[in-house]
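Read off the chains here:
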Amino acid sequence: MNAPVPVPAATENDLRAALRDRLHAVPSDAPRQTAAAVERLIAHYRGRTPTDSPVLRDRADVAAYAAYRMPATFEAVRSALAAFRARAGEWSPKTHVDIGGGTGAATWAVADAWPAAGHSTTVLDWAQPALDLGRALAAEAPHPSLCQAQWHRQPIGGALTLPPSDLVTISYVLGELTESDRESVVATAARAARAVLVVEPGTPDGYRRILRARQQLVDEGLGVVAPCPHNGECPVQDPDWCHFAARVNRSSLHRQVKGGSLPYEDEKFSYVAAMRDPVLPAASRVVRHPQIRKGQVLLDLCTRDEGLRRTTVSKRHGDLYRAARDAEWGDAWPPLAAED
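Residues numbered from 1 in each chain as written. Predicted model: local features only at pLDDT ≥ 70, side-chain atom pairs only at ≥ 80, totals over all residues. Heavy atoms only, no water.

Asker: Could you clarify how one ought to interpret the overall build of the protein in this entry?
Answerer: Per the secondary structure count, the protein includes eleven helices and 13 strands. Evaluated residue by residue, the protein yields a buried proportion of 54% over its 340 residues. Sequence separation of 24 or more characterises 73% of the internal contacts of the protein that already satisfy a separation of 6 or more. Accessible surface for the protein amounts to roughly 15000 Å². Of this, 50% is attributable to carbon and sulfur atoms. (Helix = DSSP H or I, 4+ residues; strand = E, 2+ residues; numbered from the N terminus. Buried < 20%, exposed > 50% of the residue type's maximum accessible area, 1.4 Å probe, protein only. Contact = heavy atoms within 4.5 Å. Areas by Shrake-Rupley, 256 points an atom, 1.4 Å probe, with all protein chains shown as cover.)

Right under this line is the structure:
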């Protein structure tokens, strides 16, 4: 397992505070309207409704998205970026473009991942109400890349154009697009960027979209950095799918608009991170919750050379056994110090 990449908690706390303060200003009937919009967004999120118009249609939709989806998107993207950063070393972006960024959850995650990078960010989306709220949320953030971010309305599809960029993020967007628009958006991102991160819901359909985006990135000359240990064909086949989980702490606002009594939920997501610079991916990655038994740990791995396989790490492996007991779903394996 790679040593966790240290990320400051300040950005997460700042995001929650910004959401709380900003959404307190909505009309008194907003909880009812927002809850109704959440139900529609959940149906869209779980369904198959590609469109040529924005999913976030009005102020209620945007408030619903911000309260219900923004923290989950932030945590999923932050988790994927941590896996990317563990392999990319000292690399950091100077320019970042967030395609279909809406209210800017991925932009907050990038600021959290590289708080001292001094990068510039541009958020592109076709829903002006989302951009307006995103700009307002970021305006007073204590991170220059957020408060100085540029927010531009632009259709997300075949007509998309991008400037050369170090990093392009595409999070929870491809499912909103027609197949031809998905192809165009990913191809445009691959040609413009040194590194691309694509995140989709951790569903079979979401993973199929990730698989196609992954192949496009490889075809455009980028190498997969995470989660895959190679650029070859994915060994995970239907009816299974590759996905991971990020823990999301529920705020009182989140519980109000979505319901539920638990103080947290797990956001399931699939992703691919690829880079034009030569980077060696992990030798393997844990693709299931590790099974801890008496004196041993069972790890299900996606490996660089052997596809999917299970390995057993026991006490006789010493430090590796202790690392295995701490390993989590989604971690690289073995620890960096034990790699060849």
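So much for the structure itself; the text now carries on.
Asker: How do you make sense of the nonpolar core when you look at a structure like this?
Answerer: General note: in soluble globular proteins, nonpolar side chains tend to be found buried as a group. Among the nonpolar cores identified, the biggest contains 85 residues, and Ile99 and Ile170 are the most heavily contacted of them. Residue contributions to this core peak at nine residues, all from helix 4 (residues 70-88). Core analysis: the second largest hydrophobic core is formed by ten residues, Leu301, Val313, Ala324 and Ala327 among them. (Core = buried A, V, L, I, M, F, W, Y, C linked by side-chain atoms within 4.5 Å.)

Asker: What's the story with the pattern of salt bridges in this structure? I'm lost.
Answerer: For side chains bearing opposite charge, pairing can occur when the charged atoms are close. Here the structure, examined in full by the defined rule, presents 16 salt bridges. With a shortest N-O distance of 2.4 Å, Asp266 and Arg247 are connected by a salt bridge. Taken together, the residues Asp266 in strand 8 (residues 264-275) and Arg247 in strand 7 (residues 244-249) connect sequence positions 19 residues apart. With a closest N to O distance of 3.3 Å, Glu306 and Arg309 form a salt bridge. Through salt bridges with shared partners, a single ionic network connects Glu75, Arg78 and Asp112. (Salt bridge = Lys/Arg side-chain N within 4 Å of Asp/Glu carboxyl O.)

Asker: How do you make sense of the side chain of Asp205 when you look at a structure like this?
Answerer: Residue placement: Asp205 occurs in helix 9 (residues 204-219). The exposure class of Asp205 is buried, given its relative accessible area of 17%. Side-chain polar atoms of Asp205 contact the side chain of Arg208, separated by 2.5 Å. (Polar contact = N/O pair within 3.5 Å; in protein donor to acceptor, adjacent residues only side chain to side chain.)

Asker: Mind showing me how you'd approach the packing of aromatic side chains here?
Answerer: In this description, a pair of aromatic rings is defined by centroid distance and the angle of the planes. Counted under the stated rule, the structure contains seven aromatic pairs. Here Phe84 and Trp91 contribute two aromatic rings whose centre-to-centre distance is 5.7 Å and whose plane-to-plane angle is 85 degrees, an arrangement assigned as edge-to-face. Owing to a relative accessible area of 3%, Phe84 belongs among the buried residues under this scheme. The interplanar angle of 85 degrees and the centroid separation of 5.9 Å between the aromatic rings of Trp91 and Trp114 together place this pair among those described as edge-to-face. Of the two residues, Trp91 sits in the loop between helix 4 and strand 1 (95-99) while Trp114 sits in the loop between helix 5 (105-113) and strand 2 (120-125), which places them 23 residues apart along the sequence. (Phe/Tyr/Trp six-rings, centres within 6.5 Å; stacked < 30°, edge-to-face > 60°.)

Asker: Looking at this model, I keep getting lost on unusual backbone geometry. Mind explaining?
Answerer: Most peptide bonds take the trans configuration, and most residues that are not glycine carry a negative phi. Cis geometry marks the peptide bond from Ala226 to Pro227; its omega dihedral reads 0 degrees. You will see that Tyr172, though not glycine, has its phi angle at about 55 degrees, which is positive. By the element assignment, Tyr172 lies in the loop between strand 4 (165-171) and helix 8 (179-192).

Asker: Explanation requested: helix 4 in the structure shown.
Answerer: One full turn of an α-helix is made of 3.6 residues, so residues set three or four places apart face in the same direction. Taking 1.5 Å as the rise per residue, helix 4 with 19 residues should run 27 Å; its terminal C-alpha atoms sit 26 Å apart, in good agreement. Most of helix 4 sits inside the fold, with 16 of its 19 residues counted as buried. After helix 4 finishes, the residue Gly89 shows a positive phi value of roughly 65 degrees. (Expected span 1.5 Å × (residues − 1).)

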